[in-house]
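Working through the structure, step by step
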Amino acid sequence: MLKLLTSSLIASCLLVTTLKAEDESELRLVESQRIWDHAPHNAFTDLIRFQDRWFCVFREGKGHVSADGALRVITSVDGKDWKSAALVTSDDSDLRDAKITTTPDGRLMLSGAEAMNDPKTYKHQSLVWFSEDGRNWSQEYEVGDHDNWLWRITWQDNKAYGFGYGCGKGDRCLRLFRSSDGKTFDTLIEKVAVEGTYPNETSVVFTPDDTGYCLLRQDGKPNSGYIGKSSPPYTEWEWKSLNKRIGGPHMIRLPDGRFLAAVRLYDSPVRTSICWLDPENAKLTEALKLPSGGDTSYAGLAWHDDMLWVSYYSSHEGKTAIYLAKVEVAPK
């Protein structure tokens, strides 16, 4: 009898522990709303809180790939009512994949890449612009290398870092760039030593102890995502496979130290999901499917008022449009 009681007690404790662990990792979708659909195709987002306002950036054009691609900047005080703040256009290229961050001196920095409509010597060039108010933007600055897509720029200790991936014929390597002013980037790693035939889209987070983590999309062989880890001066990275295919990766470190990632997941149905990420053990666990489907993903992430704010795009309601979700995260 004592043995049976002990076994039951152990089982009960295990059950309570399991339930507690699940409760601690719970995410709750508070709301998701369509915030922009003015162009025939609206996609590839990023999101930031700046000067007590929201700024969401994305590409708009006639299609997923089209010669008229432009970068739209919209703004809102409360995240509900949005107005256009700027439209960055090009006469001879398709502007793609807008990303936005703040510089150490307090300006907004918009980045993207142009796909030349009539390429002569190169097809792609990464670009950046700067603004003090989100409405008036500087001239464009060419950054990185021709046909190497500098995907996302992250500032750390007054330095800007960004991985660029080869998008020219025969060049599929991953390269790491660094800049002191955001306008001129030097090559820190010519060819990143990571497994795979086509490493590409990335998201980088630096922790308070200066450790750098990189969430990496892989296409080709293998096609599973990777998580990288490095310490200053970030010239060597350790990579681990997540054993899961992902697209449009972005991640954020919460104030309590946990990591959340927003990715496109490819197992049916295709969707944009928020996942817990354990970077040390290379474990990506889906926690919340956002209302999404079809042509979807490329999220922006921000932590504000103890809530995760997520911009993303999706075509689950027919037209490819921009959405904003608010997600409640249970305490650790």
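Since this is a predicted model, take the numbers as computed values, not measurements. (Residues numbered from 1 in each chain as written. Predicted model: local features only at pLDDT ≥ 70, side-chain atom pairs only at ≥ 80, totals over all residues. Heavy atoms only, no water.)

**As for empty space enclosed by the protein**
Taken as a whole and judged by the stated rule, the model has one cavity of 30 Å³ or more. Approximately 40 Å³ is the volume found for the largest cavity. Together, Thr-45, Lys-99, Trp-151, Arg-152, Gly-248, Pro-249, Tyr-298 and Ala-299 line the largest cavity. Counting residues per element, the ones that place at least two in the lining of the largest cavity are β19 (246-253) and β23 (297-304). When its residues are assigned to classes, the lining of the largest cavity shows four nonpolar, two polar and two charged. (1 Å grid on protein atoms, 1.4 Å probe; cavity = no way out; pocket = protein on both sides within 12 Å on 5 of 7 lines; lining within 4 Å. Points joined across faces, edges and corners; volume = space filled by probe spheres on them. Helix = DSSP H or I, 4+ residues; strand = E, 2+ residues; numbered from the N terminus. Nonpolar A, V, L, I, M, F, W, Y, C, P; charged D, E, K, R; others polar.)

**Comments concerning a negative patch on the surface**
A cluster of acidic residues, Asp-91, Asp-92, Glu-140 and Glu-142, forms a negative patch at the surface. Positionally, Asp-91 belongs in the loop between β5 (83-88) and β6 (93-102). The exposure class of Asp-91 is exposed, given its relative accessible area of 83%. (Patch = residues over 30% accessible without salt bridge, like charges linked within 9 Å, V, L, I, M, F, W, Y side chains within 5 Å. Areas by Shrake-Rupley, 256 points an atom, 1.4 Å probe, with all protein chains shown as cover. Salt bridge = Lys/Arg side-chain N within 4 Å of Asp/Glu carboxyl O. Lys, Arg positive; Asp, Glu negative; His and termini not counted. Charge placed at Lys NZ, Arg CZ, Asp CG, Glu CD. Buried < 20%, exposed > 50% of the residue type's maximum accessible area, 1.4 Å probe, protein only.)

**Focus: the layout of surface pockets**
A volume near 580 Å³ is recorded for the largest pocket. Lining the largest pocket are 26 residues, and of these Ile-100, Thr-101, His-250, Ile-252 and Leu-301 lie nearest its centre. Breaking the lining of the largest pocket down by element, the ones donating at least two residues are β2 (41-50), β6, β7 (108-116), β11 (154-156), β15 (198-206), β19 and β23. Split by residue class, the lining of the largest pocket holds 14 nonpolar, seven polar and five charged. Approximately 310 Å³ is the volume attributed to the second largest pocket. Of all the elements in the fold, those that place two or more residues in the lining of the second largest pocket are β6, β15 and β16 (212-219). At three residues, β15 tops the list of elements feeding residues into the lining of the second largest pocket. A breakdown of the residues in the lining of the second largest pocket according to their chemical character gives 10 nonpolar, three polar and seven charged.

**Comments concerning the nonpolar core**
Core analysis: the biggest nonpolar cluster contains 38 residues, and Leu-47, Cys-56, Trp-82, Phe-163, Trp-237 and Trp-239 have the highest contact counts within it. Not counting residues within four places of it along the chain, the set of residues in contact with Trp-82 comprises Ile-35, Trp-36, Leu-47, Trp-54, Phe-55, Cys-56, Ile-74, Thr-75, Ser-76 and Leu-324. Counting residues in hydrophobic clusters, the runner-up holds 19 residues, among them Ile-252, Leu-308, Ala-321 and Tyr-323. (Core = buried A, V, L, I, M, F, W, Y, C linked by side-chain atoms within 4.5 Å. Contact = heavy atoms within 4.5 Å.)

**Some details on the sheet that holds β6**
Taking strand neighbours across the sheet as the criterion, the four strands line up as β6-β7-β8-β9 in an open arrangement whose pairing is antiparallel. This sheet does not close on itself; its edge strands, each paired only once, are β6 and β9 (141-143). Between one strand and the next, the sheet's axes are offset by a mean angle of 30 degrees, whatever the strand orientation. Across eight bridges, β6 lies against β7 in antiparallel orientation. By the bridge assignment, Asp-94 is partnered in β7 with Ala-115. (Pairing = 2+ DSSP bridges. Axes fitted to C-alpha atoms, helices over the stretch in contact; angles between N-to-C directions.)

**Here we look at the pairing of strand β21 (residues 271-278)**
With seven of its eight residues buried, β21 lies for the most part within the structure. Two strands pair when backbone bridges link them, and strand β20 (residues 259-265) and β21 are joined in this way by seven bridges, in the antiparallel orientation. From the neighbouring strand, Leu-265 faces β21, where its bridge partner is Arg-271. The turn linking β20 back onto β21 is made up of five residues.

**Observations regarding the pattern of salt bridges**
In the structure shown here, the tally under the stated rule is 18 salt bridges. The partner of Glu-31 in a salt bridge is Lys-80, with the nearest N and O atoms 3.4 Å apart. Separated by 49 residues along the polypeptide, Glu-31 in strand β1 (residues 27-36) and Lys-80 in the loop between β4 (70-76) and β5 bring together distant segments of the chain. With relative accessibility at 44%, the residue Lys-80 sits in the partly exposed group. Linking Lys-229 and Glu-280 is a salt bridge whose minimum nitrogen-to-oxygen distance equals 3.1 Å. Here the residue Lys-229 occupies a position in strand β17 (residues 226-230), and Glu-280 occupies one in the loop between β21 and β22 (283-289), the gap between them amounting to 51 residues. Under the relative-accessibility criterion, Lys-229 is labelled partly exposed at 31%. Bridged by salt links that share partners, the residues Arg-34, Asp-37 and Glu-317 form one connected network.

**With respect to the confidence of the model for the chain**
Mean pLDDT for the chain: 92, with 92% of residues reaching 70 or above. A low-confidence stretch, residues 1-24 (pLDDT under 50), is modelled with five contacts involving residues beyond four sequence positions or located in other chains. (pLDDT = per-residue confidence, 0-100.)

**Structural notes on unusual backbone geometry**
Omega for the bond connecting Lys-221 with Pro-222 falls within 30 degrees of zero, at -10 degrees, which places this linkage in the cis form. By secondary structure assignment, the location of Pro-222 is in the loop between β16 and β17. Residues Ser-268 and Pro-269 are joined by a peptide bond in cis, for which omega reads -5 degrees. Following the sequence through the fold, Pro-269 ends up in the loop between β20 and β21. Phi angles above zero are rare outside glycine, and Asp-147 is one such case at about 55 degrees.

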